[in-house]
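The chain contents come next:
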Amino acid sequence: MKINKNIMCTVLSFGLIASLGSGMAVKAEGEYQTTGEDYEINYIAINETGATTKALLDVVKMYQEQVNPNFKMNMEYINDQQARNQKIRTLAASDELPDWFTCDIDSFYEQLWDAGVVANVGEIYDELGITDKFYPIALHYPSLESGEIAGISWQSQSEFFYYNKDVFAEAGIEETPKTFDELLDACAKIESIQKTPIAMDGAWRLLRYLAFVPYRMTGNEFIESAAKGETPFSSETGLAGAKFVEEIGQYFQEGWTTADSTTVAQLVVNGDAGMYYSGSWDLNIFGTEDMELLDNIGVFTLPILGEDDATTAADGFFNGGTPTAISAKCAEDEEFKNFFRFLWDHYNDRCFVNGTLPPGKPSSMDDASEFQKELLNNFANAESFAKCWDVVTDVATAEVMLNETPSLTLGALTPEEWAAHLDETIKQNVQ
């Protein structure tokens, strides 16, 4: 990145009006600063066609047109998480981190944080006066255990069960499941009409099921303690999670471990399956072009265990998407700050246009569907969110968990055997 900091121009939001001279330009209300010089942000991201990427690039174009025509954002897309993480590790080892990069706030990220090579995003928000533009979960989701905001949330995601209303009616299910016992009962009824109770794909989604019961029993206490090796998986809470996976796994379709997510989700839309646990990001499959649910599709939230749960029925899996980290070097540049301020003056509004839910408060809800408004209201008012196993545990343990947990559903491991294996894995990796 090359910036001539002796040349600054004040640019009005409605067009380019340059004021050349030395020193920093003073930002007036309704105006944006810029160097006016060539400036590039190199960004390793996930998906070229994703709605959040489209919204971001919309704002980049606006910034080029309204503020600095010499601004560029170079995007490199790596969809595969392992390949992306490996490239970031390689770049970090050679002190060549990209300006921005998609990265879970995990143990590897904490190493980058401790080395001082990534920025404290919360401090950037505070410096630019934009912290209050974000919903609380969008701030807290990409945070370290100490509370510092370490990454950018690009969206507001809620997780829940989609279900086919016609399948439920045929199976005699009059109300959506409110408890896990009711969920299992619904599965048995759907199986009795020779349909797949739960459409399922991929081991990562199974880890959500593994977390359901422990989360209701302890909130995030168990997942945080187990990831540190302080509470064993062979404890009452750990075994309860494994036993639930073992029991509900009998209701997945055959061959689910290698199934394609889009194809599997379509089983519910077509009425070949009853339910699919996913979230707001799949509204393009379960919804209409105007982002309302299809007529034959309904949703229900994470069931509870009972009155003694550590969490409320309104608590569950909410997230801001895979976070984006900012390199410490990038965060020092004034032109980055100029763009970042402009970004969050416009990004939230562009999310609705592109079919996703923003991480912060839009200036208007006119472009949102009624269902999107409902989801965003739930996200905005949620007090807590469940943490994910594949993010909280170290990378090596997460890999073992992803590989071993499907064995619970296939009868290849008992919950006790699974727990013993995970306890040994955690012991080795934590040490």
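Here the structure is a predicted model, which means the values were calculated and not measured. Per chain, the residues get numbers from 1 upward, laid out in the order the sequence is written. The predicted origin of the model limits local features to residues at a pLDDT of at least 70 and limits the giving and counting of side-chain atom pairs to 80 or more, whereas totals for whole chains, interfaces and linings rest on all residues. In computing side-chain values, all of the structure's heavy atoms are included and hydrogens and water are not.

(A) A look at the overall build of the chain. Secondary structure follows DSSP: runs of H or I at least 4 residues long count as helices, runs of E at least 2 residues long count as strands, and numbering of each begins at the N terminus. Scanning the chain from N- to C-terminus turns up 19 helices and 11 strands. Relative to the 2.2 N^0.38 estimate, which gives 22 Å for 431 residues, the radius of gyration of the chain is 23 Å and therefore close to what a compact globule would have. Projected onto the principal axes, the alpha-carbon positions of the chain cover approximately 75 × 50 × 35 Å. Each residue is placed in one exposure class: buried if its accessible area under a 1.4 Å probe, protein chains only, is under 20% of its type's maximum, exposed if it is over 50%, and partly exposed if it falls in between. Across the 431 residues in the chain, those meeting the buried criterion constitute 54%. Counting contacts in the chain only where the partners sit at least 6 residues apart, residues at least 24 apart contribute 75% of the total. Summed over all atoms, the accessible surface of the chain reaches about 19000 Å², with 45% contributed by carbon and sulfur. When charges are counted, neither His nor the chain ends are considered; positive counts come from Lys and Arg and negative counts from Asp and Glu. In this description, the location of a charge corresponds to atom NZ of lysine, CZ of arginine, CG of aspartate or CD of glutamate. Between the mean site of the 27 positive side-chain charges and the mean site of the 70 negative ones, the chain shows a separation of 6 Å. This radius of gyration counts C-alpha atoms alone. The globule rule is 2.2 Å times how many residues there are, raised to the power 0.38. Throughout, a residue-residue contact means that at least one pair of heavy atoms, one from each residue, lies within 4.5 Å. Accessible surface area values rest on a Shrake-Rupley calculation with a 1.4 Å probe, where residue burial reflects the displayed protein chains alone.

(B) Geometry of the confidence of the model for the chain. Values of pLDDT, which run from 0 to 100, indicate the predictor's confidence residue by residue. In the predicted model, the chain carries a mean pLDDT of 90, and 93% of its residues have values of at least 70. Low pLDDT (under 50) marks residues 1–30, which in the prediction has 68 contacts with non-local residues, meaning those over four places away or in another chain.

(C) Structural detail: the pattern of salt bridges. Should a side-chain nitrogen of Lys or Arg be within 4 Å of a carboxyl oxygen of Asp or Glu, the pair is scored as a salt bridge. Here the structure, examined in full by the defined rule, presents 12 salt bridges. Between Arg350 and Asp58 there is a salt bridge whose closest N-O contact spans 3.0 Å. Of this pair, Arg350 sits in helix α14 (residues 334–353) while Asp58 is found in helix α1 (residues 51–66), placing the two residues 292 residues apart along the sequence. Judged by relative accessible area, Arg350 falls into the partly exposed class, the value being 26%. Several salt bridges converge on common partners, so that one network encompasses Glu127, Glu334 and Lys337.

(D) Expanded view of the state of the cysteines. In this description, a disulfide is simply a cysteine sulfur pair whose atoms lie within 2.5 Å. Per the stated rule, a full pass over the model turns up 0 disulfides. The thiol sulfur of Cys103 is not disulfide-bonded, and the nearest other cysteine sulfur, from Cys388, lies at 15 Å. Of the residues examined, Cys103 reaches a relative accessible area of 2% and is grouped as buried.

(E) Region of the structure containing the nonpolar core. Grouping buried Ala, Val, Leu, Ile, Met, Phe, Trp, Tyr and Cys residues that are joined through side-chain atoms within 4.5 Å yields what is termed a nonpolar core. Membership of the largest hydrophobic core comes to 79 residues, with the highest contact counts inside it found for Tyr209, Phe233, Met275 and Trp389. It is helix α8 (residues 203–218) that provides the largest number of residues to this core, a total of 8 residues. Aside from chain neighbours lying at most four places away, what touches Trp389 is Leu207, Leu210, Ala211, Phe222, Ile223, Ala226, Phe233 and Met401. Membership of the second largest hydrophobic core comes to 37 residues, among which are Tyr125, Leu139, Cys330 and Phe342.

(F) Representation of the sheet that holds strand β5 (residues 100–102) within the structure. The rule for pairing is simple: two strands pair if DSSP sees at least two bridges between them. Strand order in the open sheet formed by 4 strands is β4-β3-β5-β11, and the pairing between neighbours is mixed. Across the chains shown, the open sheet's two edge strands, defined by having one partner strand only, are β4 (71–77) and β11 (324–326). Strand-to-strand twist across the sheet, computed as the mean angle between neighbouring axes with direction ignored, equals 20°. Direction of pairing for strand β3 (residues 39–45) relative to β5: parallel, over a ladder of 2 bridges. Within β5, the position partnered with Ile44 by the bridge is Phe101. Every axis in this analysis is a line fitted to C-alpha atoms, fitted for helices over the stretch in contact. Angles between the N-to-C directions lie between 0 and 180 degrees. Against the sheet, α1 touches β3 and β4, its axis set at about 160° to β4.

(G) Fine view of the packing of helix α10 (residues 236–248) against helix α19 (residues 415–430). Running from amino to carboxyl end, α10 crosses α19 at an angle of 130°, the nearest separation of the two axes being 9 Å. Put simply, α10 runs oblique to α19. Crossing geometry of α10 relative to α19 is assigned as right-handed. Contact with α10, carried on its side by Gly238, Leu239, Ala242, Lys243 and Glu246, involves Pro415, Glu416, Trp418 and Ala419 of α19 and no other residues of that element. Should an angle fall under 35 degrees it is called roughly parallel, over 145 degrees roughly antiparallel, and 65 to 115 degrees roughly perpendicular, with every other angle called oblique. What makes a crossing left-handed is the near helix being turned counterclockwise from the far one by less than a right angle; a clockwise turn instead makes it right-handed.

(H) Focus on the pairing of β4. Where β3 and β4 come together, 7 bridges link them in parallel fashion. When the sheet's bridge partners are listed, Ile44 is paired in β4 with Glu76. What joins β3 to β4 is α1, and the crossover it makes is right-handed. Viewed with both strands pointing away, a crossover whose connecting path from the first strand over the helix to the second turns clockwise is right-handed.

(I) Seen up close, helix α3 (residues 107–114). Those residues of α3 that fall on the buried side of the exposure criterion are Phe108, Tyr109 and Leu112. Down the axis, α3 shows its buried residues gathered within 100° of arc, on one side only. α3 presents Gln111 and Asp114 as exposed residues on the side facing more than 90 degrees away from its buried surface. Residues of α3 that are buried sit in contact with α2 (81–93), β5 and β11. The N-cap of α3, judged by a side-chain oxygen 3.2 Å from the amide nitrogen of Phe108 a few residues on, is Asp106. In the stretch just after α3, Gly116 is the one whose phi turns positive, near 75°. Think of it as the arc spanned by the lines of direction from the helix axis to the C-beta atoms. Any pair of N or O atoms that falls within 3.5 Å is considered a polar contact. Within protein, one atom must be able to donate a hydrogen and the other to accept it, and sequence-neighbouring residues count only if both atoms are side-chain atoms.

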